[in-house]
Amino acid sequence: MKPLYLIACSAAKLDRTAPAADLYQGQAFKLAMRAADRAGADVIILSALHGAVNPAANLAPYNKTLAQMSKHQRAIWAAMTDQQLQQHKGRPVVVLAGKHYAAAVEGWPNVSRPLTGQGIGQQLHTLKHLNA
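For the structure given in this document, a descriptive report is provided here. Along every chain, residues carry numbers that run from 1 in the direction the sequence is written. Given that the model is predicted, a residue must reach a pLDDT of at least 70 before its local features are reported, and side-chain atom pairs must reach 80 or more before they are shown or counted; all residues, however, enter totals for whole chains, interfaces and linings. Computation of side-chain values covers all heavy atoms of the structure but excludes hydrogens and water.

**A look at the packing of aromatic side chains**
For step 1, the next point in the chain: To pair, rings of Phe, Tyr and Trp, with the six-membered ring standing in for Trp, must have centres within 6.5 Å; the planes then decide the type, stacked if under 30 degrees apart, edge-to-face if over 60, and tilted in the middle. Tallying each qualifying case throughout the model produces three aromatic pairs.
For step 2, the next point in the chain: Taken together, a centroid distance of 5.3 Å and an interplanar angle of 55 degrees make the contact between Tyr-24 and Phe-29 tilted. Judged on exposure class, the residue Tyr-24 and its partner Phe-29 are both buried.
For step 3, the next point in the chain: Both rings, one in Tyr-24 and one in Tyr-62, keep their centres 6.3 Å apart while their planes meet at 80 degrees; by these two values the pair is edge-to-face. The rule is simple: take the accessible area with a 1.4 Å probe, protein chains only, and divide by the maximum for that residue type; under 20% is buried, over 50% is exposed, in between is partly exposed.

**As for helix α3 (residues 71-85)**
For step 1, the next point in the chain: Here α3 spans 21 Å end to end across 15 residues, near enough to the 21 Å set by a 1.5 Å rise per residue.
For step 2, the next point in the chain: Check the buried side of α3 and you find it contacts β1 (4-8), β3 (42-47), β4 (51-53) and α4 (99-102). Numbering of helices and strands runs from the N terminus, with a helix taken as a DSSP run of H or I at least four residues long and a strand as a DSSP run of E at least two residues long. To estimate the expected span of a helix, subtract one from its residue number and multiply by 1.5 Å. We call two residues in contact when some of their heavy atoms are within 4.5 Å.

**Re the side chain of Thr-81**
For step 1, the next point in the chain: By the secondary structure assignment, Thr-81 is in helix α3.
For step 2, the next point in the chain: Excluding residues within four positions of it along the chain, Thr-81 makes contact with Leu-46, Gly-51, Ala-52 and Ala-104.

**Some details on the pairing of β1**
For step 1, the next point in the chain: Taking burial as the measure, the five residues of β1 include five buried ones, the bulk of the element.
For step 2, the next point in the chain: Along β1, one buried face is formed by Leu-4, Leu-6 and Ala-8 and the opposite face, lined by Tyr-5 and Ile-7, is buried too.
For step 3, the next point in the chain: Strand pairing is assigned whenever DSSP detects at least two bridges linking the two strands. Relative to β3, β1 is paired through five bridges, and the arrangement is parallel. Among the inter-strand pairings, Leu-4 is bridged to a residue of β3, identified as Asp-42.
For step 4, the next point in the chain: Both β1 and strand β6 (residues 93-96) contribute to a ladder of four bridges, which runs parallel. Bridge assignment links Tyr-5 to a residue of β6, and that residue is Val-94.

Note that every value here comes from positions in space, so none of it alone points to a role or purpose.
Right, dumping it as structure tokens:
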């Protein structure tokens, strides 16, 4: 079964509506997308505003992060996103995202989180290594 990569959105975005795969411009996002491509994986983007997003979905720029949300709001986001992802439960999943985004698949089987416990500098190093 083909792996599924869950990739966090980024604060850096284009200033116009675009497919989600193009909208996000952050370095970590771009490295994560490249790693998923190298692995031949399917990709779903984890958006703080929209939840689970198909990379081809057209999105307008927005300014919302999970870090800005209260613990209760993040729990609501995680439950909503978990529901959006239910069809993928049981697949091998690689989460290239921080802890707040990874909460959407907390308790799922077959989940790998290579960025767990890492600061942004370490995350970038790990993502670069995945692309080597």
